[in-house]
Amino acid sequence: MKDGDRFTPSQRAGLENCRTMEQLLAMTHHYMNGTCPFCGDSAEYDTPWLPISGVHWRVKENRWPMAYTKKHLIIAPVVHITELSQVEALAWAEMGPILARIKERYGKIYGGLAFRSGSLAYSAGTVEHLHANILYPDLTGPVRVTLAKEVSGPELERRHRRFHGFKDALPPDEYLFLSNHGIGLSSLLVNEIHDSSE
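Report on the accompanying structure.

**What about helix 1 (residues 9–16)?**
- For helix 1, the tally of buried residues reaches seven of eight residues, placing the bulk of the element in the interior.
- If you check which residues of helix 1 are buried, you get S10, Q11, R12, A13, G14, L15 and E16.

**A short note on the sheet that holds strand 2 (residues 69–77)**
- The four strands are arranged 1-2-4-3 in an open sheet whose pairing can be described as antiparallel. Each edge of the sheet is formed by a strand with only one pairing partner; in this case those strands are strand 1 (57–61) and strand 3 (112–116). Strand after strand, the sheet turns through a mean of 20° between neighbouring axes, direction not considered.
- Sheet topology note: the strand 1/strand 2 ladder contains five bridges and is antiparallel. Of the residues in strand 2, the one forming a bridge with E61 is L73.
- In the packing of helix 3 (residues 89–106) onto the sheet, the strands contacted are strand 1, strand 2, strand 3 and strand 4 (131–137), and the crossing angle to strand 1 comes to about 30°.

**Thoughts on the environment of E83**
- Along the chain, E83 turns up in the loop between strand 2 and helix 3.
- The exposure class of E83 is partly exposed, given its relative accessible area of 38%.

**Focus: the packing of aromatic side chains**
- Scanning all chains against the criterion turns up five aromatic pairs.
- Between W57 and F115 the ring centres are 6.4 Å apart and the planes differ by 65°, which places this aromatic pair in the edge-to-face class. With W57 in strand 1 and F115 in strand 3, this residue pair connects regions lying 58 residues apart in the sequence.
- With relative accessibility at 0%, the residue W57 sits in the buried group.

Calculation notes
- Residues numbered from 1 in each chain as written.
- Predicted model: local features only at pLDDT ≥ 70, side-chain atom pairs only at ≥ 80, totals over all residues.
- Heavy atoms only, no water.
- Buried < 20%, exposed > 50% of the residue type's maximum accessible area, 1.4 Å probe, protein only.
- Helix = DSSP H or I, 4+ residues; strand = E, 2+ residues; numbered from the N terminus.
- Pairing = 2+ DSSP bridges.
- Axes fitted to C-alpha atoms, helices over the stretch in contact; angles between N-to-C directions.
- Contact = heavy atoms within 4.5 Å.
- Phe/Tyr/Trp six-rings, centres within 6.5 Å; stacked < 30°, edge-to-face > 60°.

Here's what the structure looks like:
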C-alpha cells in the first residue's frame, strides 16, 4: 500500500465489486474501521448469523443476493482466514453437518456452492474473509458466479459506469473520498486504455 492510501489493492477491488450502493457503503465502513463483516456480530451492517451455524462455520443469508436467486446464503469460518488452504481438518469435517442443517431449513441445494478465496481481485468478492456462497436459483434468469473479473476495456468501463452511477446517490464528500482513494480506479485505467488506442 502506498503512503496515503486508505485501502489495499485487494480492498479497492472488493469495493469496485460491490453490486449496490448500500453494499459499497457498508463495505467502506468496514474497511475504514478495520473490521470484517464476517467476524463477530455484524448485524448492524449485515444480516445476523443463523442458529444452524456450528463451531467452525457460521451461516447467514446474504443481504445483497445475486440476481436470479430465491435464496443466497453465506458460509464463513468463525476464525478470520482468507484462503482455502488455511481451513483445518476439523473445520472441513463440520461442513457436512452444516450443509445438512441448511438442507433441513431451506431444502435441497439445487444450484451451487462457490468459495471465494484469497485476493478480491482474483475471487471477485467484496469481503476479505474466506467464504462460500450457496445459491438457490429462482429460474427466472442465469445465476453466474464470477471469479477474477477481466481487466480489459469493456469490463473496466462497466465497473466505471456502475461506480460513477452511485455518484448522485452518495453524499458528495463520500464520493470524493472514495474516488480520491482509488475506488472507481477503473476510470483511470479506462482513460489510459482510450489514450493508448488513439
